[in-house]
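Commentary on secondary and tertiary structure
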Amino acid sequence: MHEWDIETEDDNEMIAHFVKLIAAGSLLVTKFENLCGKKLTPAQKKGLHGHDIAMRALAYEAMDKEMALLYLGEIGSHLQSSTRKAILACKGYIFNRRPMASTGQLYTPMYYVFRGAGVYCGKAFDVSRAGASASMKRENEVSESVHSDQACPTLIKVLDAFHVGQHAVLILPLLAKSVADLLAAASPGVVDDEAPAYVAAGVLAAMAGLAAKGWCHGDIKPANIMLEAGNEKRIVLVDLGACTRLNEEIMEFTEHYALDLPMIASLRWDLACLASTLCVLIGIPVKDSSVQGVISYLTSLGDDLSFGGQLALHILKHLDKVDNVEQLRAVVWDDVMERVRGRLGEVHASTLAAWWPSPL
Ligand SMILES: Nc1ncnc2c1ncn2[C@@H]1O[C@H](COP(=O)(O)OP(=O)(O)O)[C@@H](O)[C@H]1O
Ligand SMILES: [Mg+2]
């Protein structure tokens, strides 16, 4: 007999602890089933157990029916192990078991993906969800058209796209954190001038690359703007699934950032969403505001208006003068570069200037 075969008092305590944990877990599952009004499949139960945020919300009684149904949709769209095996067999990608956590993400689970010595981001669309397949196709199509003959370093580039089982998958370069994550970490008003300068330049350059090929992003907001890790700072605009052809009606957007513009795809629309994002970044709320309302508020701050606010004000004041890429460059980009040079110096200004799209 080995010493580890003996059940000590400590072992008994530990076993009792695990029994309690399992009982608490199944109680939470029952609570979740009651909220959703249906029994979960074993795979959904497993998914719920692995969903820390949902389990915590249940434990703290902080979940209502609407939220439970949202989480159920999210759990249902996670990759099952059979799909992960199929992806490995046919494409050679190793998908992490659990999706990554991020602020502002509900429906499209993103995974760490490995192949060879590389690590990527895998965006897995559940094609049984309405619009998911179209969204994946659109993201791939826009990326191909923008990156085909121009260098556009601040717009996400799809590296691979394929279908497996009920999932459509995009492989993307792995980026670190979104501006929404930054906002979640920072108290209002503590973000310094470098962040709005880089966000403005990165998004303007991405917008130029898109517009050169006839696209409007349509959903520019903190959760769709990524920051790169490390010392070589870079902004990348992501989420091309809702891109719309210029002059067509915009179907998918985040109302919070669109101010009161008509829902027509244009550079004006993307510029207004960028200006709203800059305001939110420096702690100025824009919900339910109009373009004129935000201009008046920013103007009223006078000398107290921070650098990010000054960039937003310039953009909003010149919305009507921008209808094509040349005007975007002459009316907004050159002015932003000049202001960055004055505020942050030549080194930052030349880093950002290199982001403007150039022919390959
Ligand atoms: N390439 C990437 N690397 C790391 N995280 C990413 C990447 N692209 C997006 N994300 C994160 O995943 C979230 C959802 O991605 P997104 O493309 O916006 O999909 P959705 O259509 O679900 O909004 C983003 O808000 C961001 O936090
Ligand atoms: Mg998004």
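Residues numbered from 1 in each chain as written. Chains lettered and ligands numbered in written order. Predicted model: local features only at pLDDT ≥ 70, side-chain atom pairs only at ≥ 80, totals over all residues.

Comments concerning the domain arrangement of the protein
Each domain of the protein was delimited in the assignment, giving domain 1 (3–76), domain 2 (81–173) and domain 3 (177–359). Here the C-alpha centroids of domain 1 and domain 2 sit 29 Å apart. (Domains from an automatic or database assignment.)

Looking at the sheet that holds strand 6 (residues 167–173)
Overall, antiparallel pairing links the five strands, which are arranged 1-2-3-6-5 in an open sheet. At either end of the open sheet lies a strand with only one pairing partner, and these are strand 1 (94–95) and strand 5 (160–164). In the sheet, strand 3 (residues 118–126) pairs with strand 6 via seven bridges, with the strands oriented antiparallel. Bridge pairing in strand 6 links Lys 123 to Leu 170. Relative to the sheet, helix 5 (residues 81–91) contacts strand 1, strand 5 and strand 6, its axis offset from that of strand 5 by approximately 125°. (Pairing = 2+ DSSP bridges. Helix = DSSP H or I, 4+ residues; strand = E, 2+ residues; numbered from the N terminus. Contact = placed C-beta atoms within 7 Å. Axes fitted to C-alpha atoms, helices over the stretch in contact; angles between N-to-C directions.)

What to know about the packing of helix 11 (residues 307–317) against helix 12 (residues 325–344)
Packing of helix 11 against helix 12 leaves a shortest axis separation of 10 Å and a crossing angle of 160°. Considering the angle they form, helix 11 stands roughly antiparallel to helix 12. Remark: the crossing between helix 11 and helix 12 carries right-handed chirality. Two secondary-structure elements touch here, helix 11 through Phe 307, Gln 310, Leu 311, His 314 and Ile 315 and helix 12 through Val 332, Asp 335, Val 336, Arg 339 and Arg 343. Looking at the contact of helix 11 with helix 12 residue by residue, the class counts come to five nonpolar, two polar and three charged. (Parallel < 35°, antiparallel > 145°, perpendicular 65-115°, else oblique. Left-handed = near helix turned anticlockwise from the far one by under 90°. Nonpolar A, V, L, I, M, F, W, Y, C, P; charged D, E, K, R; others polar.)

A short note on the sheet that holds strand 7 (residues 177–178)
One open sheet holds the three strands; their spatial order is 7-9-10, and the pairing between them is antiparallel. On the outer flanks of this sheet lie strand 7 and strand 10 (235–237), each paired with one strand and no other. Bridging between strand 7 and strand 9 (residues 225–227) involves two bridges; their strand directions are antiparallel. Residue pairing across strands places Lys 177 opposite Leu 227, the latter belonging to strand 9. Across the sheet, helix 8 (residues 194–212) is in contact with strand 9 and strand 10; its angle to strand 10 comes to roughly 40°.

Notes on the site of ligand 1
Close to ligand 1 lie 19 residues; Ser 102, Thr 108, Cys 121, Leu 175 and Asp 239 are nearest. For the shell around ligand 1, the secondary structure elements donating two or more residues are strand 3 and strand 6. In terms of residue class, the shell around ligand 1 is made up of ten nonpolar, seven polar and two charged. (Near = placed C-beta within 6 Å.)

Some points on unusual backbone geometry
Of note in the backbone geometry, Asn 247 takes a positive phi value of approximately 80° without being a glycine. With respect to the helices, strands and loops of the structure, Asn 247 is situated in the loop between strand 11 (244–245) and helix 9 (267–281). For Asn 247, a count of 10 C-beta atoms within 10 Å puts it in the exposed group. For Asp 288, which is not glycine, the phi torsion reads 60° and is therefore positive. For Asp 288, a count of 10 C-beta atoms within 10 Å translates into the label exposed. (Buried ≥ 20, exposed ≤ 12 C-beta atoms within 10 Å, placed from the backbone.)

Observations concerning the pairing of strand 5
Bridging between strand 5 and strand 6 involves five bridges; their strand directions are antiparallel. Counterpart to Val 164 in the pairing with strand 6 is His 167. Where strand 5 hands over to strand 6, the hairpin turn is made up of two residues, of which Gly 165 adopts a positive phi near 55°.

Topic: the environment of Arg 234
Mapped onto the elements, Arg 234 comes out in the loop between strand 9 and strand 10. Assessed through the 18 C-beta atoms surrounding it within 10 Å, Arg 234 is described here as partly exposed. Separated by 32 residues in sequence, Arg 234 and Gly 202 have C-alpha atoms that sit 7.4 Å apart. If we skip the residues at most four places from it in the chain, Arg 234 touches Pro 153, Thr 154, Gly 202 and Glu 228.

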